[in-house]
2 protein chains.
Amino acid sequence: MRQFVIIGHDAPTTPEFSLDDLAGAAGRLDVLCRCVTSAFFLSHAIREDVRVHLILGDEYTVTFEGSDLRRLNPDERSTAALIRKALEEREEAIGHIPVETSPGVSLTRRGFEGTLDDVARRGTVVQLHEDGDPIVGVAPPSDPVFVLSDHHDFRDEEAALLADRADERVSLGPKALHADHSITVAHNYLDTAGFERY
Amino acid sequence: MRQFVIIGHDAPTTPEFSLDDLAGAAGRLDVLCRCVTSAFFLSHAIREDVRVHLILGDEYTVTFEGSDLRRLNPDERSTAALIRKALEEREEAIGHIPVETSPGVSLTRRGFEGTLDDVARRGTVVQLHEDGDPIVGVAPPSDPVFVLSDHHDFRDEEAALLADRADERVSLGPKALHADHSITVAHNYLDTAGFERY
């Protein structure tokens, strides 16, 4: 199982946002939507052994479960509609009990720390950091959890929490990438593990 | 210079399309928009040494020039608006003379063959193919031109043309990827050329 946790600092926590302005009034929800697409889509299939957790404003977590997804499309707008639908049922999310809001999509009332602690129990937390070891030279963990931030850097308290829970610290290359591009590179690194490199 | 040519088989050739339905009535323009984002965006910068050519319905080519781009944003909708703006000036595109329709974006009245022949003169054409040599084991060319297709496979005549013009045939890994994800992987392969691999 490959897991990705993405923090959406400005992401909406209520469903009152327009699908016509994802990059503006919807708090750069476009970034999170592209992360979902990068995490799940292959050319003609969905990666079933993947789970994605979007942290919305440190208040809610929307989880996408690859093996159960039925209505995911690759464009930003349709993914944003699934997130909006999840937030419409936020009154049902009590404590840490997830509510399934569409097939393979569920909402939990918890922020970064609660979600990180949960995934850390079941996988190897990998911190992506420009000063980390180059990922191409690192043996791939069996159940990696990659933690990423949206268009903002991690806040100090998030970085501290992550440094505490992380098992490895790696860099994807010499250039800092968008979160969704980082997910694509991480997948490719895992897909091609063991390949001879020029 | 890294160049990417992406064929949009169902892409619009007139500006009469809605930004609200990129994945539907606009002929999967969402795919081409994500390709542009993958080609140019770094975390806090634009890759200036990149050029992208979107082939619209084998009739027009919209070219994005990294060093001249001024109004590019990473979300699908705003990139689609730049493409629509280019198509609004299609009457100005006569023969093979490009018309600049916004800073760094230009429109030319030519399809795949004309564009491919033009870029092939200035770079190494790399065909991405599942049966190709694994890219991680191939020495990176200095001025690569990657040719990709949208959500459809290459048509027979496109594949034949590409096979004829291609200098190399490589695969990005064991899984077939979306065009935009392929661009991200290709960039990372070039960015990390020479890194030791596990």
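Structure shown above.
All of the points below concern the structure found in this document.

The rules behind each value
Residues numbered from 1 in each chain as written. Chains lettered and ligands numbered in written order. Predicted model: local features only at pLDDT ≥ 70, side-chain atom pairs only at ≥ 80, totals over all residues. Heavy atoms only, no water. Helix = DSSP H or I, 4+ residues; strand = E, 2+ residues; numbered from the N terminus. Rg over C-alpha atoms; globule rule 2.2 N^0.38 Å. Buried < 20%, exposed > 50% of the residue type's maximum accessible area, 1.4 Å probe, protein only. Contact = heavy atoms within 4.5 Å. Areas by Shrake-Rupley, 256 points an atom, 1.4 Å probe, with all protein chains shown as cover. Lys, Arg positive; Asp, Glu negative; His and termini not counted. Charge placed at Lys NZ, Arg CZ, Asp CG, Glu CD. Least-squares fit on C-alpha atoms with pLDDT ≥ 70 in both. Phe/Tyr/Trp six-rings, centres within 6.5 Å; stacked < 30°, edge-to-face > 60°. Patch = residues over 30% accessible without salt bridge, like charges linked within 9 Å, V, L, I, M, F, W, Y side chains within 5 Å. Salt bridge = Lys/Arg side-chain N within 4 Å of Asp/Glu carboxyl O.

Bringing the overall build of chain A into the picture now. Of regular secondary structure, chain A possesses five helices and ten strands. The globule rule puts the C-alpha radius of gyration for 198 residues at 16 Å, and the 16 Å found for chain A is close to it. Considering only C-alpha atoms, chain A reaches an extent of 50 × 40 × 30 Å along its principal axes. For chain A, the proportion of its 198 residues judged to be buried stands at 59%. Here the analysis covers contacts within chain A between residues at least 6 apart in sequence; of these, 68% occur between residues at least 24 apart. Put simply, chain A shows about 8,000 Å² of open surface, and 43% of that area lies on carbon and sulfur atoms. For chain A, the distance from the average site of its 20 positive side-chain charges to the average site of its 36 negative ones is 3 Å.

Moving on, we come to the relation of the copies chain B and chain A. In the superposition of chain B on chain A (RMSD 0.0 Å, axial shift 0.0 Å), the rotation amounts to 180 degrees. Taken together, the rotation angle and the small translation identify this as a two-fold axis. Of the residues that chain B buries at the interface, 100% are likewise interface residues in chain A, meaning the two copies contact each other through the same surface.

All names here are of chain A. Overall, the coordinates contain four aromatic pairs over all chains when judged by the stated rule. Look at F40 and F64: their rings are 6.5 Å apart centre to centre, the planes differ by 45 degrees, and that puts the pair in the tilted class. Residue F40 is located in helix α1 (residues 29-40), and its partner F64 is located in strand β5 (residues 60-65); the two are separated by 24 residues in the primary sequence. Look at F64 and you get buried, because its relative accessible area is 0%.

Turning our attention to a negative patch on the surface. Residues and elements named next belong to chain A. A contiguous patch of negative charge, built from E48, D49, D68 and E100, is present on the exposed surface. Tracing the backbone shows D68 in the loop between β5 and α2 (76-88). Overall, D68 belongs to the partly exposed group, its relative accessible area being 37%.

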